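For reference, the chains in residue letters:
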Amino acid sequence: MPQNKNAITRYIILDRLLQHKFGHTIKELTELCNNELGDKGYESVTKRCIEKDLIAMEEEPFYAEIVRTGKTPIEDKNGKSRMVQLVRYSNPYFSIFNHELNDDEKALLRKALEPFGKFEDIPGFEQIEQLIASLNVDVDESKKFVYYSVNEKGTNTKVFGKLYSAISERKVINLTYHKFDDPTPHSVLLHPYILKEWNRRWYLIAAAADSGKILTFALDRTDEVETCDDMKYKPASDDLMERYEDIVGITYYEGKSIETIYFWASDSSTHYLLTKPIHGTQTTLKEGGEEEVTLRKSYPNLKDGNFFRLKCMINYELMREILSYGQGIIVLSPDTFREEIVKHITSIQENYNKTN
């Protein structure tokens, strides 16, 4: 794991160690830091890395005052005594995480927070609520002009905080959940990695403790979360966010290939697609270009509108997104995806026919 990935964790550990009134040697700081990193599942670092961390803590934005003048005698490997430098904060009560804001910074923060109103309904933002209170920010609802759409059932604040803490503290969890069509509770041991929101519903992405398989759990179907302090946490072996670059939404299929998808969109739908693409790979085919000309010849009845191309994994969320445009989008290829779309449309029509 690259050392920069656990930099904040190292700063937290070093911040506490530097509050020791007598100080530690660089060697001791390195050993103590590595002991805690190991407990949290991180790889160890070198003395040089710790020395660079100390320099970084002395600079912007921390401005820590670190003293290196105290010395202590130790014996080297040959049994000879020599003096070694001790490192500590000049003020043992100092912490880089307790920075005092000046009046200008407070005024700027007040202005930045004022439009947002209250954060109390948004999980994980409790500390911002406390900050607003401490800064005496006016949160009069009449002045609020930035609104969030909060789906309390899709968030499940009962477990959100526990999962957030488990991920940040790198704890193995025992998660109890149920399915939509089956209220029977099921339990599974997990290494939790990511909390991800999609379409006003929150999901946990985690690895099964027994197989290491990456699993996804909707928080609205999660009943309880318990930490397992006796189990060692295993960090994710890959950057899990990369897999979401290949999909729309949350459903990822291991081993499923990326597809090139062509579709037509009406002029009115095109305006929405240009400002809110279905996927990051969405491309509008250039008018008069080879691909566009070929599609115009293949589908002569589609005289207006525009042709688009996507490169992503086909999943439920992609289908749902396309179907949400109704007649404004027509999938052209691949054939298997087009046929699946047609089946859904036919099923919708049959259901409506039942009500006639």
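Residues numbered from 1 in each chain as written. Predicted model: local features only at pLDDT ≥ 70, side-chain atom pairs only at ≥ 80, totals over all residues. Heavy atoms only, no water.

1. Topic: the nonpolar core
One finds Leu18, Leu29, Leu54, Met57, Ile66, Val87 and Tyr89 to be the most contacted residues of the largest nonpolar core, which totals 20 residues. Only helix 1 (7–17), helix 2 (26–39) and helix 3 (47–58) provide two or more residues apiece to this core. Excluding its chain neighbours within four sequence positions, the residues that come into contact with Leu54 are Leu18, Ile26, Leu29, Ile66, Arg68 and Val87. Among the nonpolar cores identified, the runner-up in size contains 18 residues, and Ile278, Leu310, Cys312 and Tyr325 belong to it. (Core = buried A, V, L, I, M, F, W, Y, C linked by side-chain atoms within 4.5 Å. Buried < 20%, exposed > 50% of the residue type's maximum accessible area, 1.4 Å probe, protein only. Helix = DSSP H or I, 4+ residues; strand = E, 2+ residues; numbered from the N terminus. Contact = heavy atoms within 4.5 Å.)

2. Topic: the packing of helix 10 (residues 316–323) against helix 11 (residues 335–353)
As a packed pair, helix 10 and helix 11 sit with axes 11 Å apart at the nearest point and diverge in direction by 60°. By the angle class used here, helix 10 and helix 11 are oblique. For helix 10 against helix 11, the interelement crossing comes out right-handed. When helix 10 is examined against helix 11, the residues Leu318, Met319, Ile322 and Leu323 are found in contact with a partner set consisting of Phe337, Glu340, Ile341, His344 and Ile345. For the contact of helix 10 with helix 11, the class distribution of residues is seven nonpolar, one polar and one charged. (Axes fitted to C-alpha atoms, helices over the stretch in contact; angles between N-to-C directions. Parallel < 35°, antiparallel > 145°, perpendicular 65-115°, else oblique. Left-handed = near helix turned anticlockwise from the far one by under 90°. Nonpolar A, V, L, I, M, F, W, Y, C, P; charged D, E, K, R; others polar.)

3. Considering the pattern of salt bridges
As a working rule, side chains carrying opposite charge can pair if their charged atoms are close by. Across all of its chains, the model carries 11 salt bridges by this definition. Glu224 is the partner of Lys162 in a salt bridge, and the nearest nitrogen-oxygen pair spans 2.6 Å. Of the two residues, Lys162 is situated in helix 7 (residues 157–168) and Glu224 in strand 9 (residues 222–228); the sequence distance between them amounts to 62 residues. Taking relative accessible area as the criterion, Lys162 reaches 36% and is therefore assigned partly exposed. Two residues, Asp220 and Arg221, come together in a salt bridge whose shortest N-O distance is 3.7 Å. Each of Arg201, Asp220 and Arg221 takes part in one network of salt bridges that share partners. (Salt bridge = Lys/Arg side-chain N within 4 Å of Asp/Glu carboxyl O.)

4. Re unusual backbone geometry
In this structure, Pro334 follows Ser333 across a cis peptide bond, with omega equal to 5°. Relative to the helices and strands, Pro334 is located in the loop between strand 13 (329–333) and helix 11. Although it is not a glycine, Tyr63 sits at a positive phi angle of roughly 55°. Among the structural elements, Tyr63 can be located in the loop between helix 3 and strand 1 (66–67). Positive phi, normally seen in glycine, also occurs at Arg200, with a value near 65°. Position of Arg200 relative to the elements: it lies in the loop between strand 6 (182–198) and strand 7 (201–208).

5. Remarks on a negative patch on the surface
On the surface, Asp238, Asp239, Glu242, Glu245 and Asp246 cluster together into a patch of negative charge. With respect to the helices and strands, Asp246 occurs in the loop between strand 9 and strand 10 (259–265). For Asp246, a relative accessible area of 30% gives the class partly exposed. (Patch = residues over 30% accessible without salt bridge, like charges linked within 9 Å, V, L, I, M, F, W, Y side chains within 5 Å. Areas by Shrake-Rupley, 256 points an atom, 1.4 Å probe, with all protein chains shown as cover. Lys, Arg positive; Asp, Glu negative; His and termini not counted. Charge placed at Lys NZ, Arg CZ, Asp CG, Glu CD.)

6. So, the sheet that holds strand 7
Sheet architecture is open: five strands sit in the order 8-7-6-5-9, paired in antiparallel fashion. The sheet is open, and its two edges are formed by strand 8 (214–218) and strand 9, each paired on a single side. Each strand of the sheet is rotated relative to its neighbour by a mean of 45°, with strand direction disregarded. Two strands pair when backbone bridges link them, and strand 5 (residues 172–179) and strand 9 are joined in this way by six bridges, in the antiparallel orientation. Counted as the bridge partner of Val172 is Cys228 from strand 9. Across the sheet, helix 7 is in contact with strand 5, strand 6, strand 7 and strand 9; its angle to strand 9 comes to roughly 30°. (Pairing = 2+ DSSP bridges.)

7. Describing the environment of Val67
Inspection of the secondary structure assignment puts Val67 in strand 1. Separated by 20 residues in the primary sequence, Val67 and Val87 have C-alpha atoms spaced 5.7 Å apart. Residues within four places of Val67 in sequence aside, it is in contact with Leu86, Val87, Arg88, Tyr89 and Ser90.

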